[in-house]
Structures are given as structure tokens and as C-alpha cells.
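Now for the letters of each chain:
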Amino acid sequence: LENQVRQSSAKIEGLQRQLACARDEHQAARSLLSIKSAELQEAQEFLTKADDVSDSEMLRLVENMNSYIFQLSASICDEFRTTYERGIFDTEERARNLAYQRLLTSQLLPQQLLNALHDFGHSEDSVVAETALQAVLTGCTAWLCNTWDLGVLPRLHDLYQSIRSNEPQSVAGRWRALSRKHIKALLSTSEDQRDTGVLCLAWRVVDVLVVCGATGPDHELPLKVARRFGDAFRNVAELAFHFRSIASERIISHDIFAVYPNPGSPFDVSYMKDEWGGPTASRPSGETGTVLCATQLGLGTEAALTGDDKVKRGQGFKHTILLRSSVILDTALDELRRE
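The next point concerns helix 3 (residues 93-106). Helix length check: helix 3, at 14 residues, gives a terminal C-alpha distance of 20 Å against a target of 20 Å (1.5 Å per residue), a fit within 8%. Three or more residues of helix 3 are buried, namely Arg-96, Ala-99, Tyr-100 and Leu-103. Down the axis of helix 3, the buried set is contained in an arc of 105°. They therefore lie on one face. Across helix 3 from its buried face, at more than 90 degrees, point the exposed residues Arg-94 and Thr-105. Among the residues trailing helix 3, Gln-107 stands out with phi positive, at a value near 65°.

This next bit is on the sheet that holds strand 4 (residues 298-304). With respect to topology, three strands assemble into an open sheet ordered 1-4-5, the strand pairing being antiparallel. Unpaired on one side and paired on the other, strand 1 (255-259) and strand 5 (317-323) mark the two borders of the sheet. Each adjacent strand pair in this sheet contributes to an overall mean axis angle of 25°, direction not counted. Direction of pairing for strand 4 relative to strand 5: antiparallel, over a ladder of six bridges. The residue of strand 5 that forms the bridge with Ala-303 is Lys-318.

Below, the discussion takes up helix 2 (residues 55-79). A rise of 1.5 Å per residue sets the reference length of helix 2, with its 25 residues, at 36 Å; its end C-alpha atoms lie 36 Å apart and thus fit the reference within 8%. Those residues of helix 2 not exposed but buried are Met-58, Leu-61, Val-62, Met-65, Asn-66, Ile-69, Leu-72, Ser-73, Ala-74, Ile-76 and Cys-77.

By size, the foremost hydrophobic cluster in this structure holds 73 residues, and its most contacted members are Met-58, Ile-76, Leu-109, Leu-117, Val-208, Phe-233 and Phe-243. In terms of residues, this core owes the most to one element, helix 9 (residues 220-249), which gives 12 residues. Residues Trp-148, Tyr-160, Ile-163 and Ile-183 belong to the second largest nonpolar core, which totals five residues.

Taken in spatial order, the three strands line up as 2-6-3 in an open sheet, and their pairing is mixed. A single partner strand is all that each edge strand has here, and the edge strands are strand 2 (272-274) and strand 3 (291-296). When the angles between neighbouring strand axes are averaged without regard to direction, this sheet yields 40°. Relative to strand 6 (residues 325-329), strand 3 runs antiparallel, the two sharing four bridges. Its bridge partner being in strand 6, Val-291 is matched across the sheet by Leu-329.

Further remarks concern unusual backbone geometry. The residue Gln-107 is not glycine, and still its phi comes out positive at about 65°. For Gln-107, a relative accessible area of 59% corresponds to the exposed category.

Mapped onto the elements, Thr-141 comes out in helix 5 (residues 127-146). Each residue touching Thr-141, except ones within four places of it in the same chain, is listed here: Met-65, Ile-69, Leu-201, Val-236, Ala-240 and Leu-297.

Checked against the element boundaries, Cys-200 lands in helix 8 (residues 190-212). Here Cys-200 is in contact with Cys-140 and Trp-143, once residues within four sequence places are set aside.

About the cut-offs
- Residues numbered from 1 in each chain as written.
- Predicted model: local features only at pLDDT ≥ 70, side-chain atom pairs only at ≥ 80, totals over all residues.
- Heavy atoms only, no water.
- Helix = DSSP H or I, 4+ residues; strand = E, 2+ residues; numbered from the N terminus.
- Expected span 1.5 Å × (residues − 1).
- Buried < 20%, exposed > 50% of the residue type's maximum accessible area, 1.4 Å probe, protein only.
- Arc of directions from axis to C-beta.
- Pairing = 2+ DSSP bridges.
- Axes fitted to C-alpha atoms, helices over the stretch in contact; angles between N-to-C directions.
- Core = buried A, V, L, I, M, F, W, Y, C linked by side-chain atoms within 4.5 Å.
- Contact = heavy atoms within 4.5 Å.

Printed below as a string of C-alpha cells:
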């Protein structure tokens, strides 16, 4: 009997140890399940392709920016039309040359347009001055729309290009959204970024006016521009940063960007339209022309291709132009000179 009791006790202890092991394994399995569930929920953030904003809404935003820039350029030109003649603001050639060099270095205006700004009389016919103003505002706005970090960390965009070339669109898009969200938060406040945008716009406008011949002592012209158009520059900067925020943080399924042809680019009808149109008729057959400047932003998208689509196209991305950028061709200056 005692042997039976000892055997039963030993058996019970063995069963208790097995039960304890089973409980430990069950608890470990539950913990692992909880961890994996959390990881899956986090991964779903990268797997989703849902966008908060449609392409049509982005198109309306770009069209609003273009309309605002056009009106602002005309208003600035009219405001300072009577100051373009020498003597009114005691223009200094040195100041004009410095402004000329700054604009040339910025690559917003080509040399032939800067020469026309410097040499033409703008008081009676201000079309060249207004075109230049629209061009610098368009170029600066394009940069504000598309920049990752206002030029502070230029290699980040290269890193993103590598990621989107080697990872699924959902992963690359979510990485871009998270990165740009936190970069924006780390760099400065939204007010500081807006002020940077305002300065970018205002100083380029001042440079154009100075090259046209309007300037004065003690920084009188910059003060006049700031007082008269400071609020308008802030509105443009806010529109550009609104575009940037949506494009970088709220659209995952594809990349969307402001289209801006650089001065000197060959004219390409697939994403550009000739704003003046007339000079195209005088171009020799086979010549496409060269972009003098861009006066309105376009809108484009890029989406990663997968599977059969990628094989058929022989490339990794599908490019779509939703709105062509308006440009003025280099032949336009010849037309103006003949007139």
C-alpha cells in the first residue's frame, strides 16, 4: 500500500510538473501572439495604400496657386511700373548688376531674359517685367512644393529614391510620409518654414524689380515690397506648404509633385504647353524650341509598377501628367524685339 501511495504521489508530481510546463508554454504562446498581433497592426500602416486626398483635389490646388501667382505678378508689376525709369529711385548700376548675378545664379531666369530685363524699357510695355516676375514666383513656389527639407538635408531624397526603387510602393510611400512628417517637425516650426518661403519669394521679386531699374537708397524698395505684398507672399507660401504636406504625408499609393520645367530645357509637349503659342509658327521644321521660363506649374504623378506591367513597360514606374506646365519659349523675345 505504501508503495502504491509513493507511486501515486510521484505520478501526481509528474503531472503537476507537466501542467506547469503546459501553462508556461501557453503563456509564452499568448505573449508571442500579442507581440505578433501588435507587429501586424504596425505593418498594416505600411501595407495600406489608401490616400486621404484625391488627385483631382491636388489639381485644383495647383490651379489655384497658378491663378494667385498670375494675379500677384500683375499687381506687383503695376505697382512699380512708374519706377522703372532712371532718376525716380536714383538707380545704381552696381545694385542692378548684383541682382542680375543673383538671379542668374538661382537659375530661375536665363541670361537672355535677364538681358532683356536690364535693357528693355518697362514703363510703357511691362510684358517682359511681368513675365519675369511670374517666372521667379513660379520657380520659387515649385521648390517650396517639392522640397523635402528646405535644402537642409539634400541626401534624404536620394535615400528615398533608392527605397522606392527596391521596395513595394506601400512601404516606400509610408516611409516617405513618416520621414517627411518627422523631418518637418525637427527642423523648425511651421511659422519659421513659412517665413523662409516668404523670404524666398520676396527677395527674388525685389531682384527682378532692381534689374528692371527700380531701386533706391537704404533698402527702400525691399521695404516697399514687404509692406505692400507681404501678406500675398505669405498666402503663396502657405499654399505651397499645404501642397507639400499633402503630397508628402497623406498620399501613399503614388508620388505626386509640382511640374516645373527648368529654363533652357527642350520644349516637350508631353508635359509643357507654349503659353504664347504664336512664335511656334515661325520655328523651322524639326526644331522644338527651348524653354525661356515657366510661368505656371504643372502636376505629375509617379507610381511603382508591379508584375506584368513592370515587365511590359521595361521600367519601374508609371509617369502621368495631370496638368501641363505653361512655358514661354526663347523665340518669344525675338518676337518682342521685332514689335
